[in-house]
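# Observations on chain architecture
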Amino acid sequence: MLKILSQPWPWYISGPLIGLMVPALLVLGNRNFGISSNLRHICAACFPGKIPFFKYDWKNESWNLYLAAGIIIGALLVRLFFWNDQPIVLNPKLTAELSAYGLKDFNGLVPKEIFSWNAVLSVRSLIMLAGGGFLVGFGTRYAGGCTSGHAITGLANLQLPSLIATMSFFIGGIIMANFILPIILRF
Amino acid sequence: MLNAEIAEKEIKKINTDFEVSSPDLEDPIESKISHSLVGNIKFLIVGILFGIILVKSEVVSWFRIQEMFRFQSFHMYGVIGSAVITGMISVILLKRFKTKTIYNHPIIFIKRSFSKGQIFGGLLFGFGWAMTGACPGPIFALIGSGATVVLITLLTAIAGTWFYGLIREKLPH
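Residues numbered from 1 in each chain as written. Chains lettered and ligands numbered in written order. Predicted model: local features only at pLDDT ≥ 70, side-chain atom pairs only at ≥ 80, totals over all residues. Heavy atoms only, no water.

## What to know about the overall build of chain A
A tally of helices and strands in chain A yields nine helices and zero strands. Listed N to C, the secondary structure of chain A is α-α-α-α-α-α-α-α-α in terms of helices and strands. For chain A, the C-alpha atoms occupy an extent of roughly 50 × 45 × 35 Å along the three principal directions. For chain A, buried positions account for 58% of its 187 residues. Counted over contacts in chain A with a minimum sequence separation of 6, partners at least 24 positions apart contribute 47%. Element-wise, carbon and sulfur atoms account for 72% of the exposed surface of chain A, whose accessible area totals about 7600 Å². (Helix = DSSP H or I, 4+ residues; strand = E, 2+ residues; numbered from the N terminus. Buried < 20%, exposed > 50% of the residue type's maximum accessible area, 1.4 Å probe, protein only. Contact = heavy atoms within 4.5 Å. Areas by Shrake-Rupley, 256 points an atom, 1.4 Å probe, with all protein chains shown as cover.)

Below is the structure:
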């Protein structure tokens, strides 16, 4: 059992399990699966200022903060008890391209040459970690949802606005990964 | 109190955020339940399961996201595609059988309306997703899995959300 858990799970197992989050949260009390709204609740709870967007009773949404806390705990449990030591099998084209930017370690979930406390003051780390994070926070709220809120929950309920949002996510990502990130990675 | 009520009405009037459920919910009982620790434990458990799935499926891998946006692997498309199809079938079944919540209330499906933010915000989020290799769920999962440097991404994502709230009225929606 532990051996199965330690293997990476194929897409046809993990995808449907992620999809089941939608009905599970609806049945557990009309909750809409969408993680990025937590960022808004944190703003509303900690520093709402005089901004109307953050003037609401965030405690009504506290369930979602519990969900986020659960995600952290779940990931920690994997790290502690059924971590997969084998590197992820990646497309050789990707590893060849990244090697050219000095990324050689493909063992973890993130490239250690960029996503580590030692590297954090390099230009590309700051752009990617901090700049990227800012865009994630700004963009998800502007779009009214993220991958879970629009791409999964919205599409599951056949909402056209969510399809538009999802297409925009991917167009943005494709432009960044193929045309802009190669420049950032040179720094 | 009065101010908060006015603000809430204002949010309803220009609601573009469909992940926030309670302003749309007319059922105060479920909102009250959500205040209690006991009522929230179930969401903590669902979150733990979700966190395990996110890491084991490798969707939190920065490298997997790079493959996806370069069309170099089917993995992410398989995960997201089968998640959407499972969600769709689930929603059809919930509607077909008029399933109630565990508190015996009807399930509400929120209709979404178009806003330009879905394009502009969507593109900006896409940029950020490709840079960080993480959407909001995986940000939390990466931190839990030991990539603590992603805390920076979480903090700046909160800052980005706050900045959006600050300039929201000036943006096209």
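## Let's talk about the domain arrangement of chain A
Residue and element names in this part refer to chain A. Partitioning chain A into domains gives domain 1 (1–83) and domain 2 (87–187). On a C-alpha basis, the centroid separation for the pair domain 1 and domain 2 is 19 Å. Each side of the interface is counted separately: domain 1 has twelve residues, and domain 2 has ten residues. Of the roughly 810 Å² buried between domain 1 and domain 2, counting both surfaces, carbon and sulfur atoms make up 73%. (Domains from an automatic or database assignment. Buried area = accessible area lost by both parts, 1.4 Å probe.)

## Structural notes on the packing of aromatic side chains
Per the counting criterion, the structure on display carries 23 aromatic pairs over all chains. A ring pair is formed by Phe-138 of chain A and Tyr-142 of chain A, whose centres lie 6.0 Å apart and whose planes are at 80 degrees; its orientation type is edge-to-face. Here the residue Phe-138 of chain A and the residue Tyr-142 of chain A both occupy positions in helix α7 (residues 123–143), the gap between them amounting to four residues, near one helical turn. Where Phe-71 of chain B meets Tyr-77 of chain B, the ring centres are 6.2 Å apart and the plane angle is 10 degrees; that geometry is what we call stacked. Following the ring pairs from residue to residue traces out a cluster consisting of Phe-53, Phe-54, Phe-134, Phe-138 and Tyr-142 of chain A together with Phe-120, Phe-163 and Tyr-164 of chain B. Taking the ring centre of Phe-53 of chain A as reference, the NZ or CZ of Arg-40 of chain A above it sits at 3.8 Å. Just above the ring of Phe-97 of chain B sits the side chain of Arg-96 of chain B; from NZ or CZ to the centre is 5.4 Å. (Phe/Tyr/Trp six-rings, centres within 6.5 Å; stacked < 30°, edge-to-face > 60°. Lys NZ or Arg CZ within 6 Å of the ring centre and 35° of its normal.)

## Structural notes on the interface of chain A and chain B
At the interface, 134 residues of chain A touch 126 residues of chain B. Overall, the association of chain A and chain B removes approximately 11700 Å² of surface from exposure, summing both partners, and the carbon and sulfur fraction of that is 73%. Summed over the shared surface of chain A and chain B, the number is one salt bridge. Where Arg-70 of chain B meets Glu-97 of chain A, a salt bridge forms, and the shortest distance between an N and an O atom there is 2.9 Å. (Salt bridge = Lys/Arg side-chain N within 4 Å of Asp/Glu carboxyl O.)

## Focus on the packing of α7 of chain A against helix α6 (residues 117–132) of chain B
At a minimum axis distance of 7 Å, the contact between α7 of chain A and α6 of chain B shows a crossing angle of 155 degrees. Between α7 of chain A and α6 of chain B, the angle is such that the two are roughly antiparallel. Handedness of the crossing formed by α7 of chain A with α6 of chain B: left-handed. (Axes fitted to C-alpha atoms, helices over the stretch in contact; angles between N-to-C directions. Parallel < 35°, antiparallel > 145°, perpendicular 65-115°, else oblique. Left-handed = near helix turned anticlockwise from the far one by under 90°.)

## Some words on the side chain of Ser-62 of chain A
Summarising the element assignment, Ser-62 of chain A is placed in helix α5 (residues 62–81). Here Asn-40 of chain B takes part through its side chain, which lies 3.4 Å from a polar atom of the side chain of Ser-62 of chain A. (Polar contact = N/O pair within 3.5 Å; in protein donor to acceptor, adjacent residues only side chain to side chain.)

## Observations regarding the confidence of the model for chain B
Residue and element names in this part refer to chain B. When pLDDT is averaged along chain B, the result is 87; 81% of the residues meet or exceed 70. Segment residues 6–12 is flagged for pLDDT under 50; beyond a separation of four residues in sequence, or across chains, it makes ten contacts in the model. Note that residues 22–26 has pLDDT below 50 and, in this model, eleven contacts with residues that lie over four places away or in other chains. In the predicted complex, the global pTM is 0.91; the interface-specific ipTM is 0.96. (pLDDT = per-residue confidence, 0-100.)

## Section: α7 of chain A
All names here are of chain A. Between its first and last C-alpha atoms α7 spans 28 Å; for 21 residues at 1.5 Å apiece the expected length is 30 Å, and the two agree. Burial analysis of α7 places 16 of its 21 residues in the buried class, the great majority of the element. Among the residues trailing α7, Gly-144 stands out with phi positive, at a value near 80 degrees. (Expected span 1.5 Å × (residues − 1).)

## Structural notes on helix α3 (residues 37–56) of chain B
All names here are of chain B. Here α3 contains 20 residues, and its C-alpha end-to-end distance of 28 Å stays within 8% of the 28 Å for a straight helix at 1.5 Å per residue. By the criterion of burial, α3 is predominantly enclosed, with 15 of the 20 residues buried. At the exit of α3 stands Glu-58, carrying a positive phi of roughly 70 degrees.

## Remarks on unusual backbone geometry
Residue and element names in this part refer to chain B. Its identity as a non-glycine residue notwithstanding, Phe-71 has a phi of 55 degrees, on the positive side. By secondary structure assignment, the location of Phe-71 is in the loop between α4 (62–69) and α5 (75–96). Positive phi is not limited to glycine here, since Lys-98 has a value of about 45 degrees. With respect to the helices and strands, Lys-98 occurs in the loop between α5 and α6.

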